[in-house]
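# Examination of the molecular architecture
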Amino acid sequence: TGVGAPSALQSRVIGEADGLHQLGWNVPPEELIYIPEHWLSYMEPPASMHFLLGLFYIAMYIMGMIGNGLVLWVFSSAQSLRTASNMFVVNLAFCDFIMMVKIPIFIYNSFYRGFALGHVGCQIFAFIGSLSGIGAGMTNACIAYDRYTTITRPLDGKLTRTKAFVLILGIWIYTVPWAVMPLTEVWGKFVPEGYLTACSFDYLTNTFDNHMFVGAIFFCSYCVPMSMIVCFYSKIVSTVFNHEKALREQAKKMNVDSLRSNQNQNNQSAEVRIAKAAITICFLFVASWTPYAVLALIGAFGDQSLLTPGVTMIPAVTCKFVACLDPYVYAISHPRYRLELQKRMPWLAIKESSEDTKSVATTNTHNDQETKVSA
């Protein structure tokens, strides 16, 4: 990394001569040692690109803080929402909330066109990002497991608050080392990337130890939760489809239209609701973290010339954007949550009826189980 210093200093001379700048031209010499030389060979983006990204991040920051803040407030204070399953929703909102907390660092760097907050700001940004990103992925996996056990084993699959607490504790025990190790440089390290306004773990240093770290974090923070999410939601969809098929066949034998006494033609069928929820949840996780996973693998094991500053900013944006969407997908689509919002903030004009809080996706099981299906 230290080899990059002359390159950046030389770019200052070029900038003074004809107005052209390379990335790192405005970084103090003592901070240049923390920037991978790969980025210092690229021209910086137009100032307008920095400003547009800064404005977009401001919008995401407001949206994410409000959405996740409301989830934390309502789910934590409403008695009807204090269930074991909703503890995972609160934990997910907490992960997304702290993801939003680091955004001001990016905004500040963007409006100062580079590595303005230096090494310390970079370490804070990347550390919070690792905690929130890996924590959210594992929480999504636990939500998938919880819904799977509830729907496939409605009589004995319901988690208790104690079991949910143990799982959440396990999430953080699993997550924290992947943020602490690169922070302390025990294994891996955090470095700036892209336009030098964001930071992540180092996937560019060409050493065996760093390749092993990238491979390990790819498997543990991406492959593990991804496999769990796809597995559990696939089984949920399969179970619900088979259940609905059995009900229709039984109804046909009895010469009735449906075995459901409260079925409403205006309501979506159970299999469609569950399929949509499962596909949406899987898609959000894939859309948010697959770009970063591919980026890291290319940086460590592929052609690094493919990783231009503009390309590497794409996954940085997608992860934050999905953290903004999570509260609306997981919670605002939750009937009981909407009912609590209607009570606390009537000016939102949500118009949620208490009858709508019952799910049509399962038969008459426990109310908490029904809520998780509709969520």
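To start, this report covers the structure provided alongside it. Since the structure is predicted, the reported quantities are computational estimates derived from the model, not experimental observations.

### Description of the overall build of the protein
Along the protein, the regular secondary structure elements total 13 helices and two strands. Among the 375 residues that make up the protein, the fraction classed as buried is 50%. Partitioning the intrachain contacts of the protein with sequence separation of at least 6 by distance along the chain shows that 73% fall at a separation of at least 24. Counting every atom, the protein has about 17,400 Å² of accessible surface; 64% of that belongs to carbon and sulfur.

### Thoughts on the pattern of salt bridges
Once their charged atoms are close, side chains differing in charge can pair, the charge on each being opposite to the other. Scanning all chains against the criterion turns up three salt bridges. Glutamate 44 is paired through a salt bridge with arginine 113; the nearest N and O atoms lie 2.8 Å apart. Residue glutamate 44 is located in the loop between α3 (37-40) and α4 (47-77), and its partner arginine 113 is located in the loop between α6 (103-111) and α7 (118-152); the two are separated by 69 residues in the primary sequence. You can call glutamate 44 buried: its relative accessible area is 14%. Classification of arginine 113 as partly exposed rests on a relative accessible area of 26%. A salt bridge links glutamate 340 to lysine 343; the shortest N-O distance between them is 3.9 Å. In this pair, glutamate 340 and lysine 343 both sit in helix α12 (residues 335-344), three residues apart, roughly one turn of the helix. Put simply, Glu340, Lys343 and Arg344 are held in one network by salt bridges that share partners.

### Quick word on the state of the cysteines
Counting across every chain of the model gives one disulfide. The disulfide that involves cysteine 122 links it to cysteine 199, with 2.1 Å between the sulfurs. One disulfide, between cysteine 122 and cysteine 199, carries an S-S torsion of -130° and so falls in the left-handed class. One end of the pair, cysteine 122, is in helix α7; the other, cysteine 199, is in strand β2 (residues 198-201), with 77 residues separating them in the sequence. A relative accessible area of 3% means that cysteine 122 is categorised as buried.

### Focus: unusual backbone geometry
Residues other than glycine seldom take positive phi values, yet arginine 113 does so here, at roughly 60°. We note that leucine 196 has phi near 70°; this positive angle belongs to a residue other than glycine. You can see leucine 196 is positioned in the loop between β1 (190-193) and β2. For leucine 196, a relative accessible area of 1% corresponds to the buried category.

### Quick look at the packing of α4 against α6
The interhelical angle for the contact between α4 and α6, taken along N-to-C directions, is 160°, at an axis separation of 8 Å. Our classification of the angle between α4 and α6 gives roughly antiparallel. Note on packing geometry: the crossing formed by α4 with α6 is left-handed. Listed contacts from α6 to His50, Phe51, Leu53, Gly54, Leu55, Tyr57, Ile58 and Tyr61 of α4 are Ile103, Pro104, Phe106, Ile107, Ser110 and Phe111. Among the residues forming the contact of α4 with α6, the class breakdown is eleven nonpolar, three polar and no charged.

What counts, and where the lines are drawn
- Residues numbered from 1 in each chain as written.
- Predicted model: local features only at pLDDT ≥ 70, side-chain atom pairs only at ≥ 80, totals over all residues.
- Heavy atoms only, no water.
- Helix = DSSP H or I, 4+ residues; strand = E, 2+ residues; numbered from the N terminus.
- Buried < 20%, exposed > 50% of the residue type's maximum accessible area, 1.4 Å probe, protein only.
- Contact = heavy atoms within 4.5 Å.
- Areas by Shrake-Rupley, 256 points an atom, 1.4 Å probe, with all protein chains shown as cover.
- Salt bridge = Lys/Arg side-chain N within 4 Å of Asp/Glu carboxyl O.
- Disulfide = S-S within 2.5 Å.
- Axes fitted to C-alpha atoms, helices over the stretch in contact; angles between N-to-C directions.
- Parallel < 35°, antiparallel > 145°, perpendicular 65-115°, else oblique.
- Left-handed = near helix turned anticlockwise from the far one by under 90°.
- Nonpolar A, V, L, I, M, F, W, Y, C, P; charged D, E, K, R; others polar.

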